[in-house]
2 protein chains.
Amino acid sequence: MKFIIQRDQLIAGVQDVMKAISSRTVIPILTGLKIEAKQHGITLTGSDSDISIESYIPAEENEIVNVEQIEEGSIVLQAKYFPDIVRKLPEKTVEIESDDNLKVTIRSGKAEFNLNGQDADEYPLLPKIQTEDSFEMPIDLLKSMIKQTVFAVSTMETRPILTGVSVKLEDNLLTFVATDSHRLASREVPISNANTEFKNIVVPGKSLNELNKILDDTEEQVEISVTNNQILFRTKHLNFLSRLLDGNYPETSRLIPEQSKTKIQVKTKELLNTIDRASLLAKEERNNVVKLATQGNNQIEITSNSPEIGNVEEEMSIQSIDGEDLKISFSSKYMIDALKAIEYDEVTIDFTGAMRPFIIRPLDDTSILQLILPVRTY
Amino acid sequence: MKFIIQRDQLIAGVQDVMKAISSRTVIPILTGLKIEAKQHGITLTGSDSDISIESYIPAEENEIVNVEQIEEGSIVLQAKYFPDIVRKLPEKTVEIESDDNLKVTIRSGKAEFNLNGQDADEYPLLPKIQTEDSFEMPIDLLKSMIKQTVFAVSTMETRPILTGVSVKLEDNLLTFVATDSHRLASREVPISNANTEFKNIVVPGKSLNELNKILDDTEEQVEISVTNNQILFRTKHLNFLSRLLDGNYPETSRLIPEQSKTKIQVKTKELLNTIDRASLLAKEERNNVVKLATQGNNQIEITSNSPEIGNVEEEMSIQSIDGEDLKISFSSKYMIDALKAIEYDEVTIDFTGAMRPFIIRPLDDTSILQLILPVRTY
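Residues numbered from 1 in each chain as written. Chains lettered and ligands numbered in written order. Predicted model: local features only at pLDDT ≥ 70, side-chain atom pairs only at ≥ 80, totals over all residues. Heavy atoms only, no water.

- Within an unreviewed UniProt entry, the label attached to chain A reads Beta sliding clamp, and the organism entered is Oceanobacillus zhaokaii.
- Word for word, the UniProt comment on chain A under Sequence similarities (unreviewed entry) is "Belongs to the beta sliding clamp family."
- We quote the UniProt Subcellular location (unreviewed entry) comment for chain A here in full: "Cytoplasm". (UniProt positions renumbered as here; feature names shortened; annotations may be inferred.)

Right under this line is the structure:
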């Protein structure tokens, strides 16, 4: 194998596939990065067997030459050293060459690295996914769905299924739901021209977090396909493959209260800042609990009290309060997470009493829903 | 005590004194931050008993009012919560008030924090330093001296005196020297109009690192005074006090070779990058060791070899080589530290054979000296 490649293209590709490579894998060759050279371009692969990422660098694109003098072949290189080497090379182009003894030479300017490679035939084959049964959506919309839900997955391995995001495509509606059983986040997006439907798909939260990091915030399309135990996200130069979680996701729709006894409308950022201040003293002693009390028709009071340290109180004028008076306690962390996830200036919050879950939604938009269980203190 | 203060001024002051406050101090009240209000302004104090920092906010300065409605008094507040509270307050001004029961109220806009304070009389008094025996220098020059030497202090507590920087002022020459016994860094600066002389002063490296972080890179003056066991750095609004290390600093001048057998002249940045690349494979197996070999009159070769991983070699054209041929091995980390500390485009390196310490100096400037002991491999 031999080729000469633009260093910046190689750096970007390596950076992407590195996100799937872990030094703590049980399959030793997966600590490596696979490089495959074909006449049409170079494919880099990284995998920790849960997530696999392929980055493709075409030999030529938009009349710009990325890769030259290609002799086909493949090799696996230690991922621990390769990214730093590439990043620090002196010139704009890099020559990579491997011989029959798996010795790899990396040249750039007067610098020459000789590394021991591994046989690419020993690298596991990635599962092939039928991409006919797929749908497309804009990348920025997918990133937004991930950010609005994934923070609510459970971090506890006691119920592994809750560490994932439930993904459903039915009746041209794509739904993401995440819950750790104390709070729930959901987002719906209409999808046109889908060739497929699915439900009972649970994608690991970790996979979605990594995917969100890799994808640029563009309006370009991502193609998504699902099989029994894998989901594939495919963009122009990237294949991102994740295994799915085994098991049935709990039915969450019955958690969502249907009626509302107190409804408030409030500016998102103002409420976020007030809760944030009230949480400052609540961090250790009080497990982040703050209290909210309505005061008349357009004022709420946010308070927190930690006997050892002190207390904080703040009144806040809000847009409106409808229904019963209310005093309720909740985790400030959950509230802050939920408010940050809602990318709207104003939200409505529907309460059904101090002991029942409450719901935060953007004003005039039902596609985003954040639910939080209160804490018993009153 | 009571006053109303500009929040941004308070944030800046708190940020400075926090650098001296540690949550792991043996004197409980030192986990707090002392606030003292006088009619002329507010003084904030933080200390871990090794380092003490006072930040002064004048009530009025350059016809701008920073502090208003001052009722004199003082209090100590938990440093764990106070900085976050101040940073997140909603309005541009903050009212701070304490009562006879040491209850402190912080108000800004509609937010009100009530905190339990501690009696300022229990806060240790900082040692008073005679500031008549002092000298002045520009702050940016002091920062430069610190950066060029402090990285070479020892991190091992086996010889505590080497964890400090030796500071000397004699014959109008200020000298900083640091060594961990494998390398040495020194910098001299002429001082005019000094009212004092001293030697055998060793300032903890940690103190100088913190001081460097706090001081802005300006040409304003810093006033420095020394007593038996303390050094005070005083700027317009800041007093930075550090204890000195006990013990005698070793005589270092005899370490510096007087003759030179091979002298090279080289571009600093180019050598730095080449050494950096060569060190990539040397990190674990080889304890960062790289080799340098002269080749003819204007070329050197930098190599490194780690049998398990691979090897790297790079030829480099340099400005000049005078004297004997040379092959020498050294720690790439020490070389990188030394080259980064020298803020000049070109350096000369004087070698006295493969087993003797070598010296790196900026071209045509003898005020900076970096010395490195080689590693035995040839």
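Moving on from the coordinates now.
### Topic: the packing of aromatic side chains
Consideration 1: Going through the model one piece at a time under the given rule, you end up with eight aromatic pairs over all chains.
Consideration 2: Ring centres 6.2 Å apart and planes at 70° place the aromatic pair Phe233 of chain B and Phe240 of chain B in the edge-to-face group. Grouping residues by exposure puts Phe233 of chain B and Phe240 of chain B together as buried.
Consideration 3: Grouped by ring-pair contacts, the aromatic residues Phe330, Phe351 and Phe358 of chain A constitute a single cluster. (Phe/Tyr/Trp six-rings, centres within 6.5 Å; stacked < 30°, edge-to-face > 60°. Buried < 20%, exposed > 50% of the residue type's maximum accessible area, 1.4 Å probe, protein only.)

### Thoughts on the relation of the copies chain A and chain B
Consideration 1: Superposing chain A onto chain B takes a rotation of 180° combined with a translation of 0.0 Å along the rotation axis, leaving an RMSD of 0.0 Å. Look at the turn and shift together and you get a two-fold axis relating the two. The rotation axis passes nearest to the C-alpha of Lys213 of chain A in chain A, at a distance of 16 Å.
Consideration 2: Looking at the interface residues of chain A, 100% of them are also at the interface in chain B, so both copies use one shared face. (Least-squares fit on C-alpha atoms with pLDDT ≥ 70 in both. Contact = heavy atoms within 4.5 Å.)

### So, unusual backbone geometry
Consideration 1: Phi at Asp171 of chain A is positive, roughly 50°, even though this residue is not glycine.
Consideration 2: Within the secondary structure, Asp171 of chain A sits in the loop between strand E13 (164–170) and strand E14 (173–179).
Consideration 3: The exposure class assigned to Asp171 of chain A is exposed, which follows from its relative accessible area of 67%.
Consideration 4: Its identity as a non-glycine residue notwithstanding, Glu63 of chain B has a phi of 65°, on the positive side.
Consideration 5: Take Glu63 of chain B: it is sitting in the loop between strand E5 (60–61) and strand E6 (64–65). (Helix = DSSP H or I, 4+ residues; strand = E, 2+ residues; numbered from the N terminus.)

### Some remarks on the interface of chain A and chain B
Consideration 1: Each partner contributes to the interface: chain A provides 30 residues, whereas chain B provides 30 residues.
Consideration 2: Both sides of the chain A and chain B interface together cover about 2,800 Å² of buried area, and 50% of this is carbon and sulfur.
Consideration 3: If you look at where chain A meets chain B, you find two salt bridges.
Consideration 4: Between Asp276 of chain A and Lys88 of chain B there is a salt bridge; the shortest N-O distance is 3.0 Å. (Buried area = accessible area lost by both parts, 1.4 Å probe. Salt bridge = Lys/Arg side-chain N within 4 Å of Asp/Glu carboxyl O.)

### Side note on the sheet that holds strand E15 (residues 183–190) of chain B
Residue and element names in this part refer to chain B.
Consideration 1: Taken together, nine strands build an open sheet; the order of strands is E16-E13-E14-E15-E28-E27-E26-E20-E24 and the sheet is antiparallel. Two strands close off the open sheet at either side, each with one partner strand: strand E16 (198–204) and strand E24 (320–323). Across the sheet, the axes of successive neighbouring strands diverge by a mean angle of 20°, strand direction being ignored.
Consideration 2: Summarising the sheet, strand E14 (residues 173–179) and E15 pair through seven bridges and their orientation is antiparallel. (Pairing = 2+ DSSP bridges. Axes fitted to C-alpha atoms, helices over the stretch in contact; angles between N-to-C directions.)

### A short note on the packing of helix H3 (residues 139–149) of chain B against helix H4 (residues 205–214) of chain B
All names here are of chain B.
Consideration 1: Running from N to C, H3 and H4 cross one another at 140°; their axes reach a closest spacing of 10 Å. The angle between H3 and H4 falls in the class oblique. For the crossing formed where H3 meets H4, the hand is left-handed. Seen from H3, the contacting residues are Leu142, Lys143, Ile146 and Lys147; seen from H4, they are Leu208, Leu211 and Asn212.
Consideration 2: Each residue belonging to the contact of H3 with H4 can be placed in one class, and the counts come to four nonpolar, one polar and two charged. (Parallel < 35°, antiparallel > 145°, perpendicular 65-115°, else oblique. Left-handed = near helix turned anticlockwise from the far one by under 90°. Nonpolar A, V, L, I, M, F, W, Y, C, P; charged D, E, K, R; others polar.)

### Observations concerning the environment of Glu301 of chain A
Residue and element names in this part refer to chain A.
Consideration 1: With respect to the secondary-structure elements, Glu301 resides in strand E22 (residues 299–306).
Consideration 2: Residues Glu301 and His40, 261 residues apart in the sequence, show an inter-C-alpha distance of 64 Å.
Consideration 3: When residues no more than four places from it in sequence are discounted, the contact partners of Glu301 are Lys291, Leu292, Ala293, Gln295, Glu313, Glu314 and Glu315.

### Regarding the UniProt feature "domain: DNA polymerase III beta sliding clamp N-terminal" (unreviewed entry) in chain A
Consideration 1: Residues annotated by UniProt as "domain: DNA polymerase III beta sliding clamp N-terminal" (unreviewed entry) correspond here to residues 1–127 of chain A.
Consideration 2: End C-alpha atoms of residues 1–127 of chain A are separated by 24 Å, and the span's content is 15% helix alongside 47% strand.

### What to know about the sheet that holds strand E24 (residues 320–323) of chain A
The pairing of strands in a sheet comes from backbone hydrogen bonds and takes either a parallel or an antiparallel form.
Residues and elements named next belong to chain A.
Consideration 1: Sheet architecture is open: nine strands sit in the order E16-E13-E14-E15-E28-E27-E26-E20-E24, paired in antiparallel fashion. Taken across any chain shown, the strands that pair with only one partner, and hence form the sheet edges, are strand E16 (198–204) and E24. On average, each strand axis in the sheet is inclined to that of its neighbour by 15°, with strand direction left out of account.
Consideration 2: By the bridge criterion, four bridges tie strand E20 (residues 262–267) to E24 in an arrangement that is antiparallel. Counterpart to Lys263 in the pairing with E24 is Asp322.
Consideration 3: Along the sheet face, helix H5 (residues 268–278) touches E20 and strand E26 (346–351) and points at about 95° away from the line of E20.
Consideration 4: Its contacts with the sheet put helix H6 (residues 332–341) on strand E15 (183–190), E26, strand E27 (358–362) and strand E28 (368–372), and the angle it makes with E28 is roughly 175°.

### Quick word on the pairing of E14 of chain A
Residue and element names in this part refer to chain A.
Consideration 1: Within E14, six of the seven residues are buried, leaving the element largely enclosed by the surrounding structure.
Consideration 2: Pairing of E13 with E14, which is carried by five bridges, proceeds in the antiparallel orientation. Considered in E14, the bridge of Lys168 is made with Thr175.
Consideration 3: The turn joining E13 and E14, which pair antiparallel and follow one another in sequence, is formed by two residues; a positive phi near 50° is taken by Asp171.

### A look at the domain arrangement of chain A
Residues and elements named next belong to chain A.
Consideration 1: Domain boundaries assigned for chain A yield domain 1 (2–122), domain 2 (136–211 + 243–253) and domain 3 (257–372).
Consideration 2: One C-alpha centre belongs to domain 2, the other to domain 3; they are set 25 Å apart.
Consideration 3: Across the contact, twelve residues belong to domain 2 and twelve residues belong to domain 3.
Consideration 4: Contact between domain 2 and domain 3 buries roughly 1,100 Å² in total, counting both sides, with carbon and sulfur atoms accounting for 46%.
Consideration 5: Of all residues in domain 2, Gln148, Arg183 and Leu184 give up the largest surface area on contact with domain 3, accounting jointly for 46% of the area buried on that side.
Consideration 6: Between domain 2 and domain 3 we count one salt bridge in total.
Consideration 7: Note that Arg183 is salt-bridged to Asp337, the shortest N-O span being 2.8 Å.
Consideration 8: Summed over the shared surface of domain 2 and domain 3, the result is seven residue pairs in polar contact (both at pLDDT 80 or more).
Consideration 9: Mapped onto the side of domain 2 that touches domain 3, the elements with two or more residues apiece are helix H3 (139–149) and E15.
Consideration 10: Counting residues per element, the side of domain 2 that touches domain 3 draws most heavily on E15, at six residues.
Consideration 11: Classifying every residue of the side of domain 2 that touches domain 3 gives three nonpolar, four polar and five charged. (Domains from an automatic or database assignment. Polar contact = N/O pair within 3.5 Å; in protein donor to acceptor, adjacent residues only side chain to side chain.)

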